[in-house]
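# Remarks on the overall topology
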Amino acid sequence: MTLKVKVISQQPPGGRCNLYAAYADALARHFRISVETEYSVERGAHGDGFPSLWLNGVAIQPEDGAIIMPLDILATLSAQGVPSDAMLGLGEALETPLERILGNSL
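Cut-offs and rules
Residues numbered from 1 in each chain as written. Predicted model: local features only at pLDDT ≥ 70, side-chain atom pairs only at ≥ 80, totals over all residues. Heavy atoms only, no water. Helix = DSSP H or I, 4+ residues; strand = E, 2+ residues; numbered from the N terminus. Buried < 20%, exposed > 50% of the residue type's maximum accessible area, 1.4 Å probe, protein only. Polar contact = N/O pair within 3.5 Å; in protein donor to acceptor, adjacent residues only side chain to side chain. Pairing = 2+ DSSP bridges. Contact = heavy atoms within 4.5 Å. Axes fitted to C-alpha atoms, helices over the stretch in contact; angles between N-to-C directions. Core = buried A, V, L, I, M, F, W, Y, C linked by side-chain atoms within 4.5 Å.

Here the focus is the side chain of Ser-52. Residue placement: Ser-52 occurs in strand S3 (residues 52-55). The buried category is assigned to Ser-52, whose relative accessible area is 0%. At 3.4 Å, the side chain of Ser-52 and the backbone oxygen of Gly-44 are in polar contact. Polar contacts involving the side chain of Ser-52 include one to the main-chain amide nitrogen of His-46, which spans 3.2 Å.

Strand order in the open sheet formed by 4 strands is S2-S1-S3-S4, with mixed pairing between adjacent strands. Every other strand in the sheet has two partners, leaving strand S2 (35-39) and strand S4 (58-59) as the edge strands with one partner each. The pairing of strand S1 (residues 5-9) with S2 spans 5 bridges and is classified as parallel. The partner of Val-5 across the bridge, within S2, is Val-35. Sheet contacts for helix H1 (residues 15-31): S1, S2 and S3; angle to S1, the most-contacted strand, approximately 165°.

The next point concerns the nonpolar core. In terms of nonpolar packing, the biggest core is built from 22 residues, with Tyr-23, Leu-27, Leu-53, Ile-73 and Leu-77 touching the most fellow members. Elements with a contribution of two residues or more to this core: S1, H1, S3, helix H2 (70-79) and helix H3 (90-104). In terms of residue count, the dominant contributor to this core is H1 (7 residues). Counting residues in each nonpolar core, the second largest holds 5 residues, with Cys-17, Phe-50, Trp-54 and Ala-59 among its members.

Okay, here's the thing in structure tokens:
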């Protein structure tokens, strides 16, 4: 299975950019792949600008329209044909950066 992960971020990264980069790191560790990071000055959340997280050339769209959650990533992977057994433990790994970001914002 080949998985390409790309993050589009502003420089310096802000809240969602940091979160999406942390998600990408979790994906990279889980699937033992590298991540492409692209810096942009264009706002375009969940599209061609920042903040965006892409899997295999497709920008992940958050269910709530605002912030990508771990379930959004798992649903995108599943829709792209990644077998569920290949994702075992990934949900928990993706929750860690989300909890860290949420904890810092309280």
